[in-house]
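Listed below, chain by chain, are the residues.
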Amino acid sequence: INRNIAITHRDMNTEQELKDVVKEKYARIAEQGKVENAASCCGATTPSNKVYNIMMDDYTDTEGYVEDADLGLGCGLPTQFAQIQKGDVVIDLGSGAGNDCFVARHETGAEGKVIGIDFTPAMIKKARANAEKMGYHNVEFREGDIDEMPVNDNTADVIVSNCVLNLVPNKPKVINEIFRVLKPGGHFSISDIVLIGDLPEALQKDAEMYAGCVAGAIQKADYLGAIETAGFENITIQKEKTIVIPDDILGKYLSAEEIQNFNNGGTGIYSVTVFAQKPGDKPLKEVVKQEACCGPSCCS
């Protein structure tokens, strides 16, 4: 079997099949360049020749930023909103090459600890190499699924994640895991892709679009509802921006008429950064928010 064709076109029916697709695709994405990843849907689709940056936000002015760890795969800046304090234990879900972990480490200081979790061995290898090169001894990378974290209960003060939960088939399970590993009163700030309205069937069923952080996204209301159902409080959208998929990428999956109908049909793809807090003795935090923007690119 031609494995590349199988991954691109097969119907995906089970959670394990979806995880296998993502793991195999991200093993290749780990070796791609930032420019190629940023101009595609999370590095999984053919890059656009019209748009340089589809989803990611610019980290280059962020303190703690390590260029070699930035693969251009995010859809927000969750660490900017995460209210990380000196000495905190921070967990990054889907840590990739370590980008958000190193930014978080700048905030925790040497007295804190940062744990990155990723299920792609190539990403773990790259992240560990980056940490060793920087001499960071309080940043650890663990291989594992974020819906069954290799972390004890009540471990983290803060959890961050950047454009990853949409890649996991069972999102409520991940959110329950986040609740489990946070300390009472701990909180998360997570950037992710959500939908309002339904994607065309051709996008919903395509494996590249799943690995590209689009087909696996769920409705915004369902996403926020799952966070509430898990027991979190103080749920706040800290930032929201529209994601526009260029027509030259959509043209691989849709006809010209279907593209026009999709673009005019009221379906919205959004990056949201969501804050929520686990109940505990700590008082509710005053949540950092960014002013709403007026268009698809003004928050980028």
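Look a little higher up for the structure.
A few points on the structure. (Residues numbered from 1 in each chain as written. Predicted model: local features only at pLDDT ≥ 70, side-chain atom pairs only at ≥ 80, totals over all residues. Heavy atoms only, no water.)

Structural notes on the side chain of Ser40
And step 1. Tracing the sequence through the fold places Ser40 in the loop between α3 (34-38) and α4 (78-81).
And step 2. A distance of 3.2 Å separates a polar side-chain atom of Ser40 from the backbone oxygen of Glu36.
And step 3. Each residue touching Ser40, except ones within four places of it in the same chain, is listed here: Thr45, Thr46, Pro47, Ile54 and Ile249. (Helix = DSSP H or I, 4+ residues; strand = E, 2+ residues; numbered from the N terminus. Polar contact = N/O pair within 3.5 Å; in protein donor to acceptor, adjacent residues only side chain to side chain. Contact = heavy atoms within 4.5 Å.)

Some words on the packing of aromatic side chains
And step 1. If you walk through the whole model with that rule in mind, you get five aromatic pairs.
And step 2. On the basis of an interplanar angle of 50° and a centroid distance of 5.6 Å, the ring pair of Phe102 and Tyr136 is categorised as tilted. A residue pair is termed long-range when its members are at least 10 positions apart, and Phe102 in helix α5 (residues 99-108) and Tyr136 in the loop between α6 (121-134) and β3 (139-143) qualify at 34 residues.
And step 3. On the accessibility criterion, Phe102 (1% relative accessible area) is buried.
And step 4. Overall, the relative accessible area of 17% leaves Tyr136 in the buried class.
And step 5. Plain terms: the ring middles of Phe179 and Phe232 are 5.1 Å apart, the flat faces sit at 80° to each other, and that makes the pair edge-to-face. Taken together, the residues span a long stretch of sequence, with Phe179 in helix α7 (residues 171-181) and Phe232 in the loop between α10 (220-229) and β7 (233-242) at a distance of 53 residues.
And step 6. Of the residues examined, Phe179 reaches a relative accessible area of 22% and is grouped as partly exposed.
And step 7. Members of the aromatic cluster, connected to one another through ring pairs, are Phe102, Tyr136 and Phe141. (Phe/Tyr/Trp six-rings, centres within 6.5 Å; stacked < 30°, edge-to-face > 60°. Buried < 20%, exposed > 50% of the residue type's maximum accessible area, 1.4 Å probe, protein only.)

Quick notes on the nonpolar core
And step 1. Counting residues in hydrophobic clusters, the biggest one holds 38 residues, and the most contacted among them are Tyr26, Met55, Ile193, Met209 and Ile269.
And step 2. Mapped onto this core, the elements with two or more residues apiece are α2 (15-29), β5 (182-196), α9 (207-211), α11 (247-250) and α12 (256-264).
And step 3. Here this core takes four residues from α2, the largest share from any one element.
And step 4. Look past the residues within four positions of Met209 in its chain and what remains in contact with it is Cys41, Thr45, Leu203, Val214, Ala215, Ile245, Ile249 and Tyr253. (Core = buried A, V, L, I, M, F, W, Y, C linked by side-chain atoms within 4.5 Å.)

Concerning the state of the cysteines
And step 1. All chains considered together, the criterion is met by one disulfide.
And step 2. Paired through a disulfide, Cys42 and Cys213 show a sulfur-sulfur distance of 2.4 Å. Across the S-S bond of Cys42 and Cys213 the torsion is about -115°, and the bridge reads as left-handed. On the criterion of sequence distance, the pair formed by Cys42 in the loop between α3 and α4 and Cys213 in the loop between α9 and β6 (218-219) is long-range, its members being 171 residues apart. Here the two residues Cys42 and Cys213 agree in accessibility, since each one is buried. (Disulfide = S-S within 2.5 Å.)

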